[in-house]
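Chain by chain, the residues:
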Amino acid sequence: MIMLEGAKATTETVDALRTGATTMKAMQKATNIDDLDRTMDEVNEQTENMKQIQDALSAPIGAAADFDEDELEAELEELEEADLEEKLLEPTTAAPAAPARVPAGKQMARPAEEKNAPEEDELAALQAEMAL
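Residues numbered from 1 in each chain as written. Predicted model: local features only at pLDDT ≥ 70, side-chain atom pairs only at ≥ 80, totals over all residues. Heavy atoms only, no water.

## A few points about the overall build of the protein chain
Per the secondary structure count, the protein chain includes 4 helices and 0 strands. Each helix and strand of the protein chain, ordered N terminal to C terminal, gives the series α-α-α-α. By the burial criterion, 0% of the 132 residues in the protein chain qualify as buried. As displayed, the protein chain offers around 13,300 Å² of accessible surface, 58% of which is attributable to carbon and sulfur atoms. (Helix = DSSP H or I, 4+ residues; strand = E, 2+ residues; numbered from the N terminus. Buried < 20%, exposed > 50% of the residue type's maximum accessible area, 1.4 Å probe, protein only. Areas by Shrake-Rupley, 256 points an atom, 1.4 Å probe, with all protein chains shown as cover.)

As structure tokens, then:
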């Protein structure tokens with residue numbers, strides 16, 4: 001019984017392979033290599049045409065065609081450098097920060113202020129001048 005089942009399975013497999021081979025032959029007859037080459041040539045030609053059209057559309061026209069991109073980049077860089085130079089040469093005036101207000105009943109006692117040495121006063125003046 002087992003041998004009959006195995007023989008039946010083998011026969012079905014061989015029939016399926018024959019059917020597949022026949023179908024593949026029919027498909028290959030429908031698809032000729034010359035037709036495929038022609039189709040691929042047409043696709044490549046159309047792709048090249050589209051590329052030429054896109055290049056033509058992306059080309060600058062009128063006044064935009066006269067601009068040299070490298071020249072514009074150099075001019076922009078010069079303007080940015082000049083702007084940066086101006087900003088660096090401008091004197092900075094920074095106002096001291098306003099003291100925070102504390103409600104009257106919650107003020108902490110401050111220790112008595114000590115007098116600064118002359119060097120400390122000069123240092124504070126320089127730091128304020130440099131806005132550190």
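Don't stop here, the text continues.
## Focus on helix H2 (residues 33-58)
The end-to-end C-alpha separation of H2 is 37 Å, in line with the 38 Å expected for 26 residues at 1.5 Å each. For H2, the N-terminal capping position is held by Asn32, with its side-chain oxygen 3.2 Å away from the main-chain nitrogen of Asp34. (Expected span 1.5 Å × (residues − 1). Polar contact = N/O pair within 3.5 Å; in protein donor to acceptor, adjacent residues only side chain to side chain.)

## Some remarks on the pattern of salt bridges
Per the counting criterion, the structure on display carries 3 salt bridges. Ionic pairing is found between Asp83 and Lys87, a salt bridge with its closest N-O pair at 3.7 Å. Note that Asp83 and Lys87 are positioned in helix H3 (residues 69-89) at a spacing of 4 residues, about one turn of the helix. Here Asp83 falls in the partly exposed class, since its relative accessible area comes to 38%. Residue Lys87 is classed as exposed on the basis of its relative accessible area of 54%. (Salt bridge = Lys/Arg side-chain N within 4 Å of Asp/Glu carboxyl O.)

## Some remarks on a nonpolar patch on the surface
Together, Ile33, Leu36 and Met40 make up a nonpolar patch on the protein surface, roughly 280 Å² of accessible area in all. Within the element layout of this structure, Ile33 appears in helix H2. (Patch = residues over 30% accessible without salt bridge, like charges linked within 9 Å, V, L, I, M, F, W, Y side chains within 5 Å.)

## Things to note about the confidence of the model for the protein chain
The share of residues in the protein chain with pLDDT of 70 or more is 77%, and the mean pLDDT across the chain is 82. When pLDDT is averaged over each helix and strand of the protein chain, the minimum, 84, is found for helix H4 (residues 118-130) and the maximum, 92, for H2. (pLDDT = per-residue confidence, 0-100.)

## Focus on helix H1 (residues 2-30)
Taking 1.5 Å of rise per residue, 29 residues should cover 42 Å, and H1 covers 42 Å from first to last C-alpha, within 8% of that figure. For H1, the buried fraction is low: 0 of the 29 residues fall into the buried class.

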